[in-house]
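Observations on the model geometry
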Amino acid sequence: MSRIADIFVDALLADSAYAEGLFDGISQDLLTKALEKPMTTALATFIAHNFEVVSNFESETPGVRVKLFSTENSLPLRPVR
C-alpha cells in the first residue's frame, strides 16, 4: 500500500476503536454491524474483511479503550488506543 493508503487505514482503525460491542475473535458479520455506527457500511465491511480483533480492553474509566487489530497484509499487530 502507499503511504497515504496506510494513513487512511490507520485512521479507520482509530475510528473502529470507538465502536461498542467488540470482543476478541468477533465474526466478520458482527464486526461489520458494530462498525456501521461510527462509519459507513462500505468502510465497516472493508475493516471487517481485512482485519480481526485480537484483543479488546475497556476500562471502568470513561473514554479508556484499547483495541488490537491484526491482518495478514500488514504488521502482525496494529494497536489502536
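Above this text is the structure in question.
These notes cover the structure that comes with them. Note on numbering: residues in each chain are counted from 1, in written sequence order. Only residues with pLDDT of 70 or above have their local features reported here, since the model is predicted, and side-chain atom pairs are shown and tallied only from 80 upward, although totals for entire chains, interfaces and linings are computed over all residues. Only heavy atoms go into the side-chain values, all of them from the structure, while hydrogens and water stay out.

Here we come to the pairing of strand S1 (residues 52–58). In this sheet, strand S2 (residues 65–70) lies alongside S1 in antiparallel orientation, the contact comprising six bridges. Considered in S2, the bridge of Asn56 is made with Lys67. Pairing between two strands requires that DSSP report at least two bridges joining them. To qualify as a helix, a DSSP run of H or I must reach at least 4 residues; to qualify as a strand, a run of E must reach at least 2; elements of each kind are numbered from the N terminus. What sits between the antiparallel neighbours S1 and S2 is a turn of six residues, in which Gly63 has the positive phi angle 90 degrees.

What follows is about helix H1 (residues 3–16). Multiplying 1.5 Å by the residue count of a helix minus one yields the expected span of that helix. For H1, spanning 14 residues, the distance from its first C-alpha to its last is 20 Å, which sits close to the expected 20 Å at 1.5 Å a residue. Among the residues of H1, Val9, Leu12, Leu13 and Ser16 are the ones counted as buried. Angular distribution of buried residues about the axis of H1 spans 100 degrees; they occupy a single face of the element. Structural note: H1 exposes Arg3 and Ile4 on the side pointing more than 90 degrees away from its buried face. Throughout this description, buried means an accessible area under 20% of the type-specific maximum (1.4 Å probe, protein chains only), exposed means over 50%, and partly exposed covers the range between. The arc in question is traced by the directions running from the helix axis to the C-beta atoms.

Attention now goes to the packing of H1 against helix H3 (residues 41–50). One way to put it is that H1 packs onto H3 with a least axis distance of 11 Å and a crossing angle of 95 degrees. Considering their axes alone, H1 and H3 lie roughly perpendicular with respect to each other. Of H3, the residues touching H1 (which contributes Phe8, Val9, Leu12, Leu13 and Ser16) are Leu43, Phe46 and Ile47. By the convention adopted, Pro, Cys, Tyr, Trp, Phe, Met, Ile, Leu, Val and Ala count as nonpolar, Lys, Arg, Asp and Glu as charged, and the other residues, Gly among them, as polar. Of the residues belonging to the contact of H1 with H3, the class tally is seven nonpolar, one polar and no charged. Every axis corresponds to a line fitted to the C-alpha atoms, with the helix fit spanning only the stretch in contact, and the corresponding angles, defined between N-to-C directions, vary from 0 to 180 degrees. Between 65 and 115 degrees an angle is taken as roughly perpendicular, under 35 as roughly parallel, over 145 as roughly antiparallel, and anywhere else as oblique. Note on contacts: a residue pair qualifies if any of its non-hydrogen atoms lie within 4.5 Å across the two residues.

Within the secondary structure layout, Val53 lies in strand S1. Contact partners of Val53, with chain neighbours within four places excluded, come to Leu22, Phe23, Asp24, Gly25, Ile26, Leu31, Leu68 and Phe69.

Below, the discussion takes up the packing of helix H2 (residues 28–35) against H3. Contact pair H2 / H3: the axes reach a minimum separation of 8 Å and the direction vectors enclose 145 degrees. As H2 packs across H3, the resulting crossing turns out to be right-handed. When H2 is examined against H3, the residues Gln28, Leu31, Thr32 and Leu35 are found in contact with a partner set consisting of Ala44, Thr45, Ile47, Ala48 and His49. Its residues assigned to classes, the contact of H2 with H3 shows five nonpolar, four polar and no charged. Here a crossing is taken to be left-handed if its near helix is turned anticlockwise relative to the far helix by less than a right angle, and right-handed if that turn runs clockwise.

This next bit is on the nonpolar core. By convention a nonpolar core is built from buried Ala, Val, Leu, Ile, Met, Phe, Trp, Tyr and Cys residues, the set being connected through side-chain atoms within 4.5 Å. If you look at the biggest cluster of nonpolar residues, it comprises 16 residues, and the most contacted ones within it are Leu13, Leu22, Leu31, Leu35, Ile47, Phe51 and Val53. Secondary-structure elements contributing two or more residues to this core are H1, H2 and H3.

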